[in-house]
Amino acid sequence: MRQVLNINTDWQFTPRDEPLAQFPNSSFEFERVSLPHSNAVLPHNNFSERDYCFVSWYRREILIPLEARGQRVFVDFDGVMIASQVFVNGVAVRAEHRGGFTPFSRDITDFVRFGATNLLSVRVDSTERADIPPFGGLVDFLTFGGIYRDVFLRFTDDVFIQNLATFSSQILESKKNLVVNARVVNTNQAPTTIMAQANLWDGDTLIASQKIQITLEPGRDTEACFQLQNLNVELWELEHPKLYKLEVEMQNGDVLATQVGFRSAEFREDGAFYLNGKALKLRGLNRHQSFPYIGMAAPARLQRKDAEIIKYDLGCNIVRTSHYPQSPHFLDHCDAIG
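Note that the coordinates shown come from a computational prediction; the quantities given were computed from them, not determined experimentally.

**Side note on the packing of helix α1 (residues 300-313) against helix α2 (residues 328-337)**
Next, step 1: Contact pair α1 / α2: the axes reach a minimum separation of 8 Å and the direction vectors enclose 40°. As far as their axial angle goes, α2 and α1 are oblique. Once α1 is placed against α2, the crossing between them reads as right-handed. Across from Ala-300, Gln-303, Arg-304, Asp-306, Ala-307, Glu-308, Ile-310, Lys-311 and Tyr-312 in α1, the residues of α2 making contact are His-329, Phe-330, His-333, Cys-334 and Ile-337.
Next, step 2: Its residues assigned to classes, the contact of α1 with α2 shows 7 nonpolar, 3 polar and 4 charged.

Take a look at the structure:
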């Protein structure tokens, strides 16, 4: 069974490049911090980008229960600025991850001790590097540094759902369609056939479902496609942002869920924007994900508050998410409040 644990608390941090930080018995002092975290507390204005352009280390003890033996163990990072190298018990896990705006995962199954406490360490390079966007050219915004988004510990079966993508059609017809693509991973060294089911929920009411059989090659991932058709669903509107719960469940008990809304959005030849077939005048602004003092390290509550300020206080109905993927907390709340 899939289990996802938030591990934002009880981290140790040092603003120095200390190679021994990857090892459990290193003796130098760390500052105790919680995530999201900025590698430097910054002034409100008038500071140099060099103030956060340095290498730092984060580490945390993680208990891997004995009963998890036989499962895959992952650590999922929502955002680390700007390059990061993950270690478990002093051993590097894969190569350095480059890029601070997108999430990434590391499979640490082969590096942990089950039924014991393990040391998870992260070397964070927050310097400007020409090999990592947005650097290498002219940049008109700041990137800041640190593990500035959430981190999760994830346990799954050897066969699990990696992600979901949805595509809706016939939005302006009385009956809508929804295509669900599920990326399913088989970490076994043998072919596997498994049943999977997509369910669309309106609250506690199941409104559509489809079950299919998936054949997976050894050590490979496969895209499973579900077709939910002739759906009697409400449209997502600005003043009534209706969302439905979509979940894909596999025979082994692995479940991944997300929220979906049904809407059409287009610019037509007359130059106007149309939402669900109705012309809509757009009033919006440009948003960077940066804050005074903490840089980009804003928690979920502050991300959601920003969405509410833009809609309710400033009267906007659209926001430009500047140049890069922003916090899932902010994006999800935009969907939730319209």
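And the narrative resumes.
**Thoughts on the sheet that holds strand β9 (residues 104-107)**
Next, step 1: Spatial strand order, β1-β12-β5-β9: 4 strands in an open sheet with antiparallel pairing. Strand pairing shows two members of the sheet lacking a second neighbour, β1 (3-6) and β9, which therefore form its edges. Between one strand axis and the next, the sheet turns by 20° as a mean value, whatever way the strands run.

**A few points about the pattern of salt bridges**
Next, step 1: Tallied over the entire structure, the rule returns 19 salt bridges.
Next, step 2: Residue Asp-131 pairs with Arg-98 through a salt bridge whose shortest N-O separation is 3.4 Å. You can see Asp-131 sitting in the loop between β10 (116-125) and β11 (146-147) and its partner Arg-98 sitting in strand β8 (residues 91-98), a full 33 residues away along the chain.
Next, step 3: Given a relative accessible area of 42%, Asp-131 falls into the partly exposed group.

Definitions and cut-offs
Per chain, the residues get numbers from 1 upward, laid out in the order the sequence is written. Predicted model: local features are reported for residues with pLDDT of at least 70 only, side-chain atom pairs are reported and counted for 80 or more only, and whole-chain, interface and lining totals are derived from all residues. Side-chain metrics in this entry use all non-hydrogen atoms of the structure; hydrogen atoms and water are not considered. Here an axis means a line fitted to C-alpha atoms, over the contact stretch when the element is a helix, while the angle between two N-to-C directions is reported on a 0 to 180 degree scale. Numbering of helices and strands starts at the N terminus; helices are DSSP runs of H or I of at least 4 residues and strands are runs of E of at least 2. Here is the rule for angles: anything less than 35 degrees is roughly parallel, anything more than 145 is roughly antiparallel, 65 through 115 is roughly perpendicular, and the remaining ranges are oblique. Crossing handedness follows the turn of the near helix against the far one: under a right angle anticlockwise gives a left-handed crossing, and clockwise gives a right-handed one. Contacts: residue pairs with any heavy atoms within 4.5 Å of one another. For this classification, the nonpolar set comprises Ala, Val, Leu, Ile, Met, Phe, Trp, Tyr, Cys and Pro, the charged set comprises Asp, Glu, Lys and Arg, and every other residue, Gly included, is treated as polar. Following DSSP output, two strands are said to pair if at least two bridges run between them. Throughout this description, the term salt bridge denotes a Lys or Arg side-chain nitrogen within 4 Å of a carboxyl oxygen of Asp or Glu. Here's how the labels work: a residue is buried when its accessible area is under 20% of the maximum for its type, exposed when over 50%, partly exposed in between, all with a 1.4 Å probe on protein chains only.

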